[in-house]
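Examination of the molecular architecture
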Amino acid sequence: MEYSEKVMDHFQHPRNVGEIENADGIGQVGNAKCGDIMRMYIKVEDGVITDAKFKTFGCGAAIATSSMATELIKGKPIEEALKLTNSAVVEALEGLPPVKIHCSVLAEQAIKAAVDNYYARLRGEASGDDMTVNSDCEHVN
Ligand code: FES
């Protein structure tokens with residue numbers, strides 16, 4: 001399996017790994033089949049994502065895509081971050097082998113889950129301990 005240099009770089013030196021204390025939104029997605037789990041933390045100020053960090057218990061492609069995804073949403077308004085698709089992340093990484101494309105879906109869903117959690121908190125429907133757990137990621141290998 002061939003990985004691009006960018007994928008290897010983000011896999012070996014992932015950006016934004018960790019947790020954000022007092023995060024404004026936390027999203028977690030899991031995949032029942034491979035057991036991979038991703039948790040995304042975001043900090044939001046005036047509608048802009050000022051910081052994003054992630055923790056992944058998952059494969060190399062999931063680590064590389066989360067690393068790239070956090071880099072792409074930092075400094076962006078929430079609406080723009082929500083438009084980030086897994087294919088845009090894969091493109092920024094200069095491609096992923098076809099059997100690994102589904103791993104990038106985890107990063108996209110984790111961002112959406114973190115934003116959902118942020119909005120739910122704003123509406124007073126969730127607390128800092130709640131996370132949106134989403135497991136509809138199609139896993140095909
Ligand atoms: Fe499960 Fe990559 S996310 S194998």
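Details of the structure are given in the entry above.
Let me sum up the structure you'll find in this document.

What counts and how
- Residues numbered from 1 in each chain as written.
- Predicted model: local features only at pLDDT ≥ 70, side-chain atom pairs only at ≥ 80, totals over all residues.
- Heavy atoms only, no water.
- Helix = DSSP H or I, 4+ residues; strand = E, 2+ residues; numbered from the N terminus.
- Buried < 20%, exposed > 50% of the residue type's maximum accessible area, 1.4 Å probe, protein only.
- Salt bridge = Lys/Arg side-chain N within 4 Å of Asp/Glu carboxyl O.
- Expected span 1.5 Å × (residues − 1).
- Contact = heavy atoms within 4.5 Å.
- Core = buried A, V, L, I, M, F, W, Y, C linked by side-chain atoms within 4.5 Å.

Turning to unusual backbone geometry, a few remarks are in order. For Asn-16, which is not a glycine, the phi torsion comes out positive at approximately 60°. Residue placement: Asn-16 occurs in the loop between helix H1 (5-12) and strand E1 (25-30). Since its relative accessible area comes to 13%, Asn-16 is described here as buried.

Our next topic: the pattern of salt bridges. As enumerated under the stated definition, the model contains six salt bridges in all. Where Lys-55 meets Glu-19, a salt bridge forms, and the shortest distance between an N and an O atom there is 2.7 Å. On the criterion of sequence distance, the pair formed by Lys-55 in strand E3 (residues 48-57) and Glu-19 in the loop between H1 and E1 is long-range, its members being 36 residues apart. Using a relative accessible area of 39% as the deciding quantity, one classes Lys-55 as partly exposed. Notably, a salt bridge pairs Lys-112 with Glu-108, separated by 2.9 Å at the nearest N-O pair. On the criterion of helical spacing, the pair formed by Lys-112 and Glu-108 is a turn pair, its members being four residues apart in helix H5 (residues 101-122). Under the relative-accessibility criterion, Lys-112 is labelled partly exposed at 28%.

The end-to-end C-alpha separation of helix H2 (residues 60-73) is 20 Å, in line with the 20 Å expected for 14 residues at 1.5 Å each. Among the residues of H2, those classed as buried are Ala-61, Ala-62, Ile-63, Ala-64, Thr-65, Ser-66, Ser-67, Met-68, Ala-69, Thr-70 and Ile-73. Check the buried side of H2 and you find it contacts H1, strand E2 (37-45), E3, helix H3 (78-82), helix H4 (86-92) and H5. Two residues or fewer past H2, Gly-75 is found with a positive phi of approximately 85°.

Counting 32 residues, the largest nonpolar core has Met-38, Met-40, Ile-42, Ile-49 and Ile-73 as its most contacted members. Contributing elements (two or more residues each) for this core: E2, E3, H2, H3, H4 and H5. With nine residues, the top contributor of residues to this core is H5. When residues no more than four places from it in sequence are discounted, the contact partners of Ile-73 are Ile-42, Ile-49, Ala-52, Ala-81, Leu-84 and Ile-111.

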